[in-house]
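# Fold and geometry: a report
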Amino acid sequence: MPDWLKLMWESLPPLLYAGLVFTVPLTLLSFAFGLTLGFVTALARLYGPRALADGFRFYVWLIRGTPLLVQLFLIFYGLPKAGIVFDPLPAAVLGFSLNVGAYTSEVIRAALLAVPRGQWEAAYSIGLTWAQAMRRTILPQASRVAVPPLANSFISLIKDTSLAAVLTVPEIFQAAQRIASVTYEPLILYTETALIYLVFSSVLSAGQQKLEQRFGQHLSEPKEQP
Amino acid sequence: MIQLNHIDKRFGQHQVLSDVSLTVPQGRVTALIGPSGSGKSTLLRCVNLLETPTAGTVAVGDAKLTFSPDSPPPSRQDIHALRLQTGMVFQNFQLFPHRTALENVMEGLLVVRKWSRDQAAARALELLQQVGLAHKADAWPGTLSGGQQQRVAIARALAQSPSLLLCDEPTSALDPELASEVVAVLRDLAANRMTMLIATHDLRLAATLADTVVFLEDGRIVEHGDSRELFLQPRNPRTASYVATLQEGLPEGWRQ
């Protein structure tokens, strides 16, 4: 076995451990919180009273207009000055969730608006309430539109979690840095790290296809030309 | 019985309906005709409150709601209760694309009436049979022709046994052949004494189906009467010139 392969093989367990114990939970938690926040934001902006809608628009403007790395530094290193102290992992989850929420709210808002108004009217005409129409008529159709861009956000997120390294969260990238600094083999270690991220996002892409099929079973694929 | 009293509808400064009063007799078909923008669709949508009248009274069965610009609008429950007495058929069908034909018809029974799946499916299948589409129960709306979609939509509107069926341009999105299969279904319903209010600019449809015809223009009722009389001996000159297009449809020399 060549030396470079041996090094890769030996660093795989600590890297995978960091991935499974930190990167994956960090990603899943942040996406779950972020998506919820994004949904609430979209609803508030579309259907909420003016003041609430404006509040959420301010939030989206603030988060989208500032770098994620700066937000993370503010939360973890800045807020303690104001007496608000977070552990590294919660600080990261908070930062990523706020970020995911801002971006996905726009996706969800657009997807909800993409469902024709007549679908609301049809649902109301058979006696559904707003909540029933939303849940049973509008959301399933909006989901079909939203899955591809939401999968984009999810895949971006799993890669962005490498920024948590600067908040001292021992996720994959930090583990790689640690090993690289003692082995002096940055090329090998960072290549291996990149490959691990690639595998993770490939798994997610496969999941995206499954979801698209589920929400789109009523849409037949265009027939292949002979 | 369905009664509309002194209905006004304004969108901003634009007055769409002015002081419209109308009684739709039980078991009869009433057609709303008039040029585009005359307010017939808006009037229809005021009956099941997809549009909220600016002023006036809407009464369907025992539900009666009064609207006025000075008083707060009726509660959501009251609007819901009135709406449940009506079914609606839309110009563009508006079937739920992510549900099969059968599921479209079942939806209200499941969600609003809380029927069991089996009961709802049995009732829905019966209705699909009535519109001649039992064999398409498991089809997605996107795979059906326009006429078939509209017939499923009619079945969906009838599922909860409404006391009034509202039809908003039910055949306008269909070519003549597909329209005729929808007309056949509506005629069956009329024969079974379903109370219907149909907004249409298809005068042939109005003449074929309706017992009573209401001619609207600029948000006002111009003439209201027995359909045969209104088409053959209109009293108002404006009505006369509008319904004349029905006879003038054929080229010169084709008419006896």
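About the criteria used
- Throughout, residues of each chain are indexed from 1 in the direction in which the sequence is written.
- Throughout, the order in which chains and ligands are written sets their labels, letters from A for the former and numbers from 1 for the latter.
- For this predicted model, a pLDDT threshold of at least 70 governs which residues receive local features, and a threshold of 80 or more governs which side-chain atom pairs are given and counted, while totals over whole chains, interfaces and linings are taken from all residues.
- Numbering of helices and strands starts at the N terminus; helices are DSSP runs of H or I of at least 4 residues and strands are runs of E of at least 2.
- Remark: C-beta atoms are placed from the backbone, and a residue is labelled buried if 20 or more other C-beta atoms sit within 10 Å of its own, exposed if 12 or fewer do, or partly exposed between those counts.
- A pair of residues counts as a contact when their C-beta atoms, built from backbone coordinates, are separated by no more than 7 Å.
- For a compact globule the rule gives 2.2 Å times the number of residues to the power 0.38, and the radius of gyration it is set against comes from C-alpha atoms.
- Here the axes come from fitting lines to C-alpha atoms, over the contacting stretch only for helices, and the angles between their N-to-C directions go from 0 to 180 degrees.
- Throughout, the term roughly parallel applies to angles under 35 degrees, roughly antiparallel to angles over 145, roughly perpendicular to angles from 65 to 115, and oblique to all others.
- The crossing is said to be left-handed when, going from far helix to near helix, the turn is anticlockwise and less than a right angle, and right-handed when the turn is clockwise.
- Classification convention: Asp, Glu, Lys, Arg as charged; Ala, Val, Leu, Ile, Met, Phe, Trp, Tyr, Cys, Pro as nonpolar; all other residues, Gly among them, as polar.
- Here, strands pair whenever DSSP counts at least two bridges between them.
- It is the directions from the helix axis to the C-beta atoms that the arc portrays.
- The predictor's confidence in any single residue is recorded as pLDDT, a number from 0 to 100.
- Either an automatic procedure or a domain database provided the assignment from which the domain bounds are taken.

Once that is clear, we can look at the overall build of chain A. Within chain A one finds eight helices and zero strands. From first element to last, N terminus to C terminus, chain A shows the α and β order α-α-α-α-α-α-α-α. By principal-axis analysis of the C-alpha atoms, chain A measures approximately 70 × 65 × 25 Å. For chain A, the proportion of its 226 residues judged to be buried stands at 34%. Across chain A, every contact between residues at least 6 apart in sequence was considered, and the portion connecting residues at least 24 apart equals 75%.

A few words now on the overall build of chain B. When its secondary structure is counted, chain B shows nine helices and 10 strands. On C-alpha atoms alone, chain B measures out to a radius of gyration of 19 Å, which is about the 18 Å that the 2.2 N^0.38 rule sets for 256 residues. Structurally, chain B occupies a C-alpha span of about 55 × 55 × 30 Å along its principal axes.

Our focus in this paragraph is the packing of helix α7 (residues 172–183) of chain A against helix α8 (residues 186–215) of chain A. Residues and elements named next belong to chain A. The contact between α7 and α8 brings their axes to 9 Å, and the two run at 165 degrees. Classified by the angle between their axes, α7 and α8 sit roughly antiparallel to one another. For the pair α7 and α8, the sense of crossing is right-handed. Contact residues: I172, F173, A176, I179 and A180 in α7; P186, L189, Y190, T193 and I196 in α8. Looking at side-chain class alone, the contact of α7 with α8 contains nine nonpolar, one polar and no charged residues.

We now examine the sheet that holds strand β5 (residues 63–67) of chain B. Residues and elements named next belong to chain B. On the basis of which strands lie adjacent, the open sheet formed by four strands has the order β2-β1-β4-β5 and antiparallel pairing. Each of the sheet's edge strands pairs with one partner strand only, and the pair in question is β2 (14–24) and β5. Direction aside, the axes of adjacent strands within the sheet are offset by 15 degrees on average. The pairing of strand β1 (residues 2–11) with β2 spans seven bridges and is antiparallel. In the sheet register, R10 faces β2, and the bridge partner there is Q15.

Another point: the environment of S181(A). Residue and element names in this part refer to chain A. On the secondary structure map, S181 appears in helix α7. Overall, S181 belongs to the exposed group, with 11 C-beta atoms counted inside 10 Å. Sequence spacing of S181 and Q213 is 32 residues, and the spatial spacing of their C-alpha atoms is 45 Å.

This part covers helix α9 (residues 237–247) of chain B. All names here are of chain B. Of the positions making up α9, those classed as buried are T239, Y242 and V243. The arc that holds every buried residue of α9, seen down its axis, measures 85 degrees, which confines them to one face. Residues of α9 that are exposed and point more than 90 degrees away from the buried face comprise P237, S241, T245 and Q247. Those residues of α9 that are buried are in contact with α7 (203–209), β9 (212–217), β10 (220–226) and α8 (227–232).

Of all residues in chain A, 97% have pLDDT values of 70 or greater, and the mean over the chain is 92. In the model, residues 222–226 of chain A has pLDDT below 50 throughout and makes zero contacts with residues more than four positions away in sequence or in other chains.

Here we come to the domain arrangement of chain B. A common measure of how large an interface is: the accessible area buried when the components associate. All names here are of chain B. Domain annotation for chain B reports domain 1 (2–85 + 164–247) and domain 2 (100–161). Computed over C-alpha atoms, the centres of domain 1 and domain 2 are 25 Å apart. Listed as interface residues are nine residues of domain 1 and, on the opposing side, 10 residues of domain 2. When residues of the side of domain 1 that touches domain 2 are assigned to their parent elements, the largest contribution, four residues, is made by helix α6 (residues 176–191). Here the residues of the side of domain 1 that touches domain 2 sort into eight nonpolar, no polar and one charged.

We now examine the interface of chain A and chain B. Each partner contributes to the interface: chain A provides 17 residues, whereas chain B provides 20 residues. If you list the elements that add at least two residues to the side of chain A that touches chain B, you get α5 (117–125) and α6 (130–160) of chain A. Considering only residue class, the side of chain A that touches chain B consists of six nonpolar, nine polar and two charged.

Below, the discussion takes up the packing of helix α2 (residues 50–64) of chain A against helix α4 (residues 88–114) of chain A. Residues and elements named next belong to chain A. The N-to-C vectors of α2 and α4 enclose an angle of 115 degrees; their axes lie 9 Å apart at closest approach. Of the two possible hands of crossing, α2 and α4 adopt the one that is left-handed. Of the residues in α4, those in contact with Y59, V60, I63 and R64 of α2 are L98, N99, A102, Y103, S105 and E106. A class-by-class count of the residues in the contact of α2 with α4 yields six nonpolar, two polar and two charged.

Attention shifts here to the sheet that holds strand β8 (residues 196–199) of chain B. Residues and elements named next belong to chain B. Judged by pairing direction, the sheet is mixed, and its six strands sit side by side in the order β6-β7-β8-β3-β9-β10 without closing on themselves. On the outer flanks of this sheet lie β6 (86–89) and β10, each paired with one strand and no other. Here the average twist between neighbouring strands, direction ignored, is 15 degrees.

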